[in-house]
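# Summary of structural features
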Amino acid sequence: MSLDKQKSPFVYTDEQLISRFQAGDERAYIELVNRYRDRLINFVYQFLGDFEQSEDVVQDTMLKLYEKKHYYREIAKFSTWIYTIARNLANTELRKRKRRKTTLLSHMSREEKEYELPAIQPETGQEVQNEFAEKRIQKAIQELPEHFKTVIILRDIQELSYDDISSIVGVPLGTVKSRINRARLQLQADLKDLR
Amino acid sequence: MNRYQFEDLISDYIENELSLSKRKEFEAYLEDNPDAKELIESVRANMSQMKTMTKMTVRADFNDRLLAKIQKDHGQSHSPIPSQRTFFGFSPVHASLMTGLVVAFVFVAAQFFTPEGNPLPSQSRNFAEESIPTLSNPSLKNVNMATPDLAEAEEDSVSEDPKKKLSKDFSKKMHFVND
C-alpha cells in the first residue's frame, strides 16, 4: 500500500452524504453546507450582484436543504438539485426586486459610470485593471437575458458539465449547447471595448 | 461554410468537440476570414477571464447564523452539530446514566445470586455484633451468659452425630423381594 493511499482519508460523495443526512446524521448536513456554500455564493452573486443578498439566498438554500431533505431522490445528482434550489430562490429574489422597482442593476449601472470614464490609465496597476475587467464582465453577465445568463454562469464560472446544466435548467442538451454558444457571442459583443 | 454555420460551431471548436472533417472546414474558414479568427480569440479571452474571476467566500459566521435560523424556524433545542465528545459512543449525559444503571444492575444481581444459608460476610458480622450482649448495657442483665457460644464449642456443630448417621442407615432394613 502506498503512503499516499494511507494518508488520503475516505471521502463521502455528495449522494452518500445526503443519504446519511436523510437517515438522521446531521454531521452529513454540515459537510454538505461546507462543500457548497462558497460555490453557491459565487453562482447566486452573478444573478444578484450584491454580496449580502446573495449570502441570504444561499442561507435560504441551505435551509431548504434541511427542511426538504426527503424530497431528494437519487435519480439526480445532488449538485444539480442544490443548484436548482439556489437558482429558483435567486430568481424569486430578482422578481421581488423588479416589483419593488429598486433593482440593484440600475443602482450598479450608475456606479459603473465611474469605471467607464477613466478607462484604463497607463499608470493603473494590473490589479486595478483586473478588478475593472471583472466588474465589466459581471455587469455584462447580469444584463444577459435570463435563459442565457444561467447557462453561461453554470458553464464558464461554475464549470459544470453540459449534462448537469441540462438537468438544472430542465432543457435538452442541444438547447443548452446552443444557448451557451449564443451567450458567449453576446458577451463578446458587449465586452468588445474591453479587449 | 457560411457565417451562421461558423458562429454555431464556435463553442464546439473551442472545446474540441468538432469532428476532424468539421474542424478542418472550420479552420479553413478562419484562414479566409481574419475577423472570424479575432472573434474566436476574443471569446476565448472572455471565457478565460470568467474562469479566473475572484472567488467569493461566505463570511466566517455563515454556519452559526444558519444553525441559529434552523433552530429558530424549527424550535429545536438541540444544535444540528452533535457533540464531538463521546464515551464509548454515548454522550456524557447518557454515559453517566448508563454507568448508574450498570452499577445498580450488578448490585441487584449480587443480592439474587448469593447462596442461601451463607449470608454475605458483612451481614454475618452485623448479626454477630448484634447478638453478642454487652455487659455495659443495663437492659441485658438477665441474659443467660452460661450458654456457650457455638463458635467456641469443641465439636463442630455442623458435623453429624454417628449414632444419628447409623439410624439413617437403611441398608440393613432393606429386603429384596427374592430374599
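Above this text you will find the structure in question.
Here goes a summary of the coordinates provided. Worth saying up front: this structure is predicted, and the values here are computed from it rather than measured. (Residues numbered from 1 in each chain as written. Chains lettered and ligands numbered in written order. Predicted model: local features only at pLDDT ≥ 70, side-chain atom pairs only at ≥ 80, totals over all residues.)

### Some remarks on the overall build of chain A
Across its full length, chain A holds 10 helices and zero strands. Its helices and strands taken in sequence order, chain A reads α-α-α-α-α-α-α-α-α-α from the N to the C terminus. Burial analysis of chain A (195 residues in total) assigns 33% to the buried set. Counting only contacts in chain A whose residues sit at least 6 apart along the sequence, the fraction spanning at least 24 positions is 60%. (Helix = DSSP H or I, 4+ residues; strand = E, 2+ residues; numbered from the N terminus. Buried ≥ 20, exposed ≤ 12 C-beta atoms within 10 Å, placed from the backbone. Contact = placed C-beta atoms within 7 Å.)

### Examining the nonpolar core
Counting 52 residues, the largest nonpolar core has Leu32, Val44, Val58, Ile82, Ala86, Val151 and Ile152 of chain A as the members making the most contacts within it. If we skip the residues at most four places from it in the chain, Val58 of chain A touches Arg37, Leu40, Ile41, Val44 and Ala86 of chain A together with Val58 of chain B. (Core = buried A, V, L, I, M, F, W, Y, C linked by C-beta atoms within 7 Å.)

### Quick look at helix α7 (residues 126–142) of chain A
Residue and element names in this part refer to chain A. Look at α7: 24 Å from first C-alpha to last across 17 residues, which is about the 24 Å you get at 1.5 Å a residue. Among the residues making up α7, those that are buried are Ile137, Ile141 and Gln142. Take α7 and look down its axis: the buried residues cluster within an arc of 130 degrees, on one side only. (Expected span 1.5 Å × (residues − 1). Arc of directions from axis to C-beta.)

### What to know about the packing of helix α9 (residues 162–169) of chain A against helix α10 (residues 173–190) of chain A
Residues and elements named next belong to chain A. Following both chains from N to C, one finds α9 and α10 inclined at 100 degrees, their axes separated by 9 Å at the closest point. One way to sum up the angle between α9 and α10 is to call them roughly perpendicular. Contacts between α9 and α10 involve Tyr162, Asp163, Ile165, Ser166 and Val169 on the former and, on the latter, Leu173, Val176 and Lys177. (Axes fitted to C-alpha atoms, helices over the stretch in contact; angles between N-to-C directions. Parallel < 35°, antiparallel > 145°, perpendicular 65-115°, else oblique.)

### Describing helix α4 (residues 34–51) of chain B
Here α4 of chain B spans 26 Å end to end across 18 residues, near enough to the 26 Å set by a 1.5 Å rise per residue. Burial in α4 of chain B covers these residues: Val43, Asn46, Met47 and Met50 of chain B. Seen along its axis, α4 of chain B keeps its buried residues to an arc of 95 degrees; they face one direction. Along α4 of chain B, the residues that are exposed and aim more than 90 degrees away from the buried face are Pro34, Glu38, Glu41, Ser48 and Lys51 of chain B. Buried residues along α4 of chain B sit in contact with α7, α8 (146–157) and α10 of chain A together with α2 (10–14) of chain B.

### Thoughts on the interface of chain A and chain B
Between chain A and chain B, the contact holds 31 residues from the first and 30 residues from the second. By residue number, the principal contributor to the side of chain A that touches chain B is helix α3 (residues 26–48) of chain A, which donates 10 residues.

### Regarding the packing of helix α4 (residues 51–67) of chain A against helix α5 (residues 78–100) of chain A
Residues and elements named next belong to chain A. Between α4 and α5, whose axes approach to 9 Å, the crossing angle comes to 130 degrees. By the criterion of interaxial angle, the relationship of α4 to α5 is oblique. Seen from above, α4 lies across α5 with right-handed handedness. Note on element contacts: α5 touches α4 through Ile82, Ile85, Ala86, Leu89, Ala90 and Glu93, opposite Gln53, Val57, Val58, Asp60, Thr61, Lys64 and Leu65. Across the contact of α4 with α5, the residue classes tally to eight nonpolar, two polar and three charged. (Left-handed = near helix turned anticlockwise from the far one by under 90°. Nonpolar A, V, L, I, M, F, W, Y, C, P; charged D, E, K, R; others polar.)

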